[in-house]
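# Structure at a glance
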Amino acid sequence: MVAKINENYHLLKSSYIFAEINQRVEKYQNENPDADIIRMGIGDVTRPLPQAVIEEFHKAVDEMADSDTFRGYGPEQGYSFLIEDIIENDYLPRGIELSPDEVFISDGAKCDTGNIQEIFDLNNVVAVTDPVYPVYVETNVMAGRTGPMGSDGKYEKLVYLPCTAENDFVPELPQEDVDIIYLCFPNNPTGTTLTKEQLSKWVEYARENKAIILFDAAYEAYITEDNIPHSIYEIEGAREVAVEFRSFSKNAGFTGTRCAYTVVPQEVKAYDKDGNAHSLNPLWNRRQTTKFNGVSYPIQKAASAVYTPKGQKEIRESVNYYMKNAAIIRESLLDLGLKVYGGVNSPYIWIKTPDGMDSWKFFDLLLEKANVVGTPGVGFGPSGEGYLRLTAFNTLENTKQAMERISKLSI
Ligand code: MLT
């Protein structure tokens, strides 16, 4: 007998896209120690945590130092104070009613969108929009739900729904039967959105086909236009077919602090081999209680401060700050004659590369000639080839500096 590895890992590309970018940037920096590199690759925030959050965070840490207020393990699903804040502030004002046992606090939407596939059978057919946040794809590869990647950059057995300038970044309903559909709107990486009518078609499709939509709404705070749903539950019937993921990372600066939540309505059901319907909520609860011990008390207290009037004002200021950067990026690149998408309801700007250049070539050009790091579109899937993503999460000064440098390139 020998210990055997999970061979599905061999189906993966050698490294995660953002790890690969870091390696390339580090190599360039080592070779060019004086280069002042501006990072607009990974969507990591730069503004500090809001004051309201920090104050509550400090108070909660002090509580942990006192035997009267110290807390050990908390509920795996999260403390009720935070769950109630979420329901009252993120959902009720939009006419969405949730019960506390439908909201699960976690340490990140990356983990939740990656882990959720565990509660589904390996034979489900999974559909993803293309380009796509790689976590949805790669966690299904790791689990064994796909075959190897073909020369077209697509994993066998996975259904890819192209989102390109040609279809206005609106995915078409699948031609074949699919069981699980990952949707992320506002979209990472393209920064584009779906209207209520467009999202309704997906809910209808899922209801008709007994499919499940895994809806990643991590960027909802960046929506500026009307008629763009902030939650999939704004669409009638979605409670029966959709799980929703939200995060404090991008709206409140928690990328390093880690707090997020997932909504699993009791009505969302999937089927066993005999065709009996089962609610996903107890399955996710079972998974979380076994594999997760909850987010720390100080972090959940810190997250709850997001919902105070001061917290709300501060997070709005941060979002507006980043959206000003987004506008600067959009306008500067449009002025250069580039084709630019997103950046209106999203902190991501999706750029068509000039002269049909491939994504990595454009990445290298920006790194070497402007010392600006983006994310090559092809890293998000084959339909991302010929595009590059910039984030608005850097400082205003760096954003302006980056645009100045890019405008000096002859592109
Ligand atoms: C991104 O750059 O796509 C995001 O930062 C990824 C993430 O949130 O994990």
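These remarks concern the structure in this document. The numbers attached to residues start from 1 for each chain and follow its sequence in the written order. Local features in this predicted model are restricted to residues of pLDDT 70 or higher, and side-chain atom pairs are both shown and tallied only at a pLDDT of 80 or more, whereas totals for entire chains, interfaces and linings draw on every residue. Hydrogens and water are ignored here; the side-chain numbers use all heavy atoms of the structure.

This paragraph deals with the site of the ligand. Around the ligand lies a shell formed by Phe18, Ile42, Gly43, Tyr133, Asn188, Tyr219, Lys250, Tyr348 and Arg389. Any pair of N or O atoms that falls within 3.5 Å is considered a polar contact. Within protein, one atom must be able to donate a hydrogen and the other to accept it, and sequence-neighbouring residues count only if both atoms are side-chain atoms. Within the side chain of Asn188, a nitrogen or oxygen atom sits 2.9 Å from an oxygen atom of the ligand. Lys250 places a polar side-chain atom, nitrogen or oxygen, 2.8 Å from an oxygen atom of the ligand. In these tables, accessible area is a Shrake-Rupley quantity obtained with a 1.4 Å probe, and a residue counts as shielded only by the protein chains included in the view. About the coverage of the ligand: the protein hides 85% of its 270 Å² of free accessible area. The residue inventory of the shell around the ligand, partitioned by class, reads five nonpolar, two polar and two charged. Reported domain spans reflect what an automatic or database domain assignment gives. Domain assignment of the residues forming the shell around the ligand places at least three in each of domain 1 (10–48 + 310–407) and domain 2 (54–308). Any residue with a heavy atom positioned within 4 Å of a molecule or strand is treated as near that molecule or strand. Asp, Glu, Lys and Arg are counted as charged, while Ala, Val, Leu, Ile, Met, Phe, Trp, Tyr, Cys and Pro are counted as nonpolar; the rest, among them Gly, fall into the polar class.

Take the pattern of salt bridges next. We define a salt bridge as a side-chain nitrogen of Lys or Arg found within 4 Å of a carboxyl oxygen belonging to Asp or Glu. Inspection of the entire model under this criterion finds 15 salt bridges. Across the pair Glu234 and Lys196 runs a salt bridge, and its minimum N-O distance is 3.3 Å. Here Lys196 lies in helix H6 (residues 196–209) and Glu234 lies in the loop between strand E6 (212–216) and strand E7 (242–247), a separation of 38 residues in the sequence. Three or more residues joined by partner-sharing salt bridges are found here, namely Glu20, Arg24 and Asp364. Each helix is a run of H or I in the DSSP string that is no shorter than four residues. Each strand is a run of E no shorter than two, and both are numbered from the N terminus.

With that out of the way, let us pick up unusual backbone geometry. Of note, the bond from Asp130 into Pro131 is cis; its omega dihedral lies within 30 degrees of zero at 10°. In the segment running from Phe185 into Pro186, the intervening peptide bond is cis, with an omega of -10°. Among the structural elements, Pro186 can be located in the loop between strand E5 (180–184) and H6. A positive phi angle, near 65°, is found at Phe169, a position not held by glycine. In this structure, Phe169 sits in the loop between strand E4 (159–162) and E5. Exposure is judged per residue with a 1.4 Å probe applied to protein chains only, and the accessible area is read against the type maximum: over 50% gives exposed, under 20% gives buried, and values in between give partly exposed. Of the residues examined, Phe169 reaches a relative accessible area of 3% and is grouped as buried. Its identity is not glycine, yet Arg258 carries a phi of approximately 70°, on the positive side. Considering the arrangement of structural elements, one finds Arg258 in the loop between helix H7 (249–252) and strand E8 (260–263).

Ordered by their spatial adjacency, seven strands build an open sheet running E2-E8-E7-E6-E5-E3-E4, and the pairing between neighbours is mixed. Two strands in the sheet have a free side with no partner beyond their single neighbour: strand E2 (103–106) and E4. When the angles between neighbouring strand axes are averaged without regard to direction, this sheet yields 20°. DSSP bridges decide pairing: two strands pair if at least two such bridges lie between them. Sheet topology note: the strand E3 (residues 126–130)/E4 ladder contains four bridges and is parallel. Note that in E4 the partner of Ala127 across the bridge is Val159. Strands E2, E7 and E8 of the sheet are contacted by helix H3 (residues 80–91), whose axis makes an angle of about 115° with E2. Across the sheet, helix H8 (residues 280–291) is in contact with E2, E6, E7 and E8; its angle to E2 comes to roughly 25°. Structural elements are reduced to axes, namely lines fitted to C-alpha atoms, with helices fitted over the stretch in contact, and the angle between N-to-C directions of any two is expressed from 0 to 180 degrees. By the convention used here, residues are in contact when the closest approach between their heavy atoms is within 4.5 Å.

Distances and angles like these do not, on their own, reveal function.
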